[in-house]
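Each chain, letter by letter, is given below.
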Amino acid sequence: MFEKAIIYFERASQIQPKEVKWQLMIASCFRRMNLFNEALRVYEDINSEYPDNIDCLRGLYQIRKELGMKYQHFAEKLMVLERLEEANK
């Protein structure tokens, strides 16, 4: 079902191009299909446009760690943003 979901999320992304959640959903589908390189590419694209998006940073951190890639930068930035988010609550 993830293949079909990607089609719908891509369409939603075309309709609402500034809504980052659709791209995050596409990356999530790729991860669930074990297409890690495709997921990584989507997360990196999102991160270049939305560098402070916590959900994207979580995805980048997890997938880079799973793939044995450097992830410390993303982990540190994620920790800072999560602390800020918690402080704002």
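See the structure shown above.
About the cut-offs
Residues numbered from 1 in each chain as written. Predicted model: local features only at pLDDT ≥ 70, side-chain atom pairs only at ≥ 80, totals over all residues. Heavy atoms only, no water. Salt bridge = Lys/Arg side-chain N within 4 Å of Asp/Glu carboxyl O. Helix = DSSP H or I, 4+ residues; strand = E, 2+ residues; numbered from the N terminus. Buried < 20%, exposed > 50% of the residue type's maximum accessible area, 1.4 Å probe, protein only. Polar contact = N/O pair within 3.5 Å; in protein donor to acceptor, adjacent residues only side chain to side chain. Contact = heavy atoms within 4.5 Å. Phe/Tyr/Trp six-rings, centres within 6.5 Å; stacked < 30°, edge-to-face > 60°.

Asks: I keep staring at the pattern of salt bridges and nothing clicks. Help me out?
Replies: Once their charged atoms are close, side chains differing in charge can pair, the charge on each being opposite to the other. Enumeration over the complete set of coordinates arrives at 6 salt bridges. Close ionic contact of R31 with E66 constitutes a salt bridge, the shortest N to O distance being 3.1 Å. Of this pair, R31 sits in helix 2 (residues 20–32) while E66 sits in helix 4 (residues 54–66); the two residues are 35 residues apart in sequence, bridging distant segments of the chain. Residue classification places R31 among the buried positions, given a relative accessible area of 18%. Close ionic contact of R58 with D55 constitutes a salt bridge, the shortest N to O distance being 3.1 Å. Placement of both R58 and D55 in helix 4 is noted, with a separation of 3 residues, approximately one turn of the helix.

Asks: Is there a simple way to think about the side chain of R31 in this case?
Replies: A polar side-chain atom of R31 sits 3.1 Å from a polar atom in the side chain of Q62. Apart from the residues lying within four places of it in its own chain, the contact partners of R31 are F36, A39, Y43, Q62, I63 and E66.

Asks: How should I be thinking about the packing of aromatic side chains in this particular structure?
Replies: Each aromatic ring pair is described using two quantities: the centre-to-centre distance and the angle formed by the ring planes. Following the criterion strictly, the structure yields 2 aromatic pairs and no others. Pairing F9 with W22 gives two aromatic rings, centres 6.1 Å apart and planes at 25 degrees, and the pair type is stacked. Here F9 is found in helix 1 (residues 2–15), whereas its partner W22 is found in helix 2, with 13 residues between them in sequence. Across the pair, W22 and F9 agree in class, each one buried. Between Y61 and Y71 the ring centres are 5.4 Å apart and the planes differ by 70 degrees, which places this aromatic pair in the edge-to-face class. One end of the pair, Y61, is in helix 4; the other, Y71, is in the loop between helix 4 and helix 5 (72–88), with 10 residues separating them in the sequence. According to the relative accessible area criterion, Y61 is partly exposed, its value standing at 24%.

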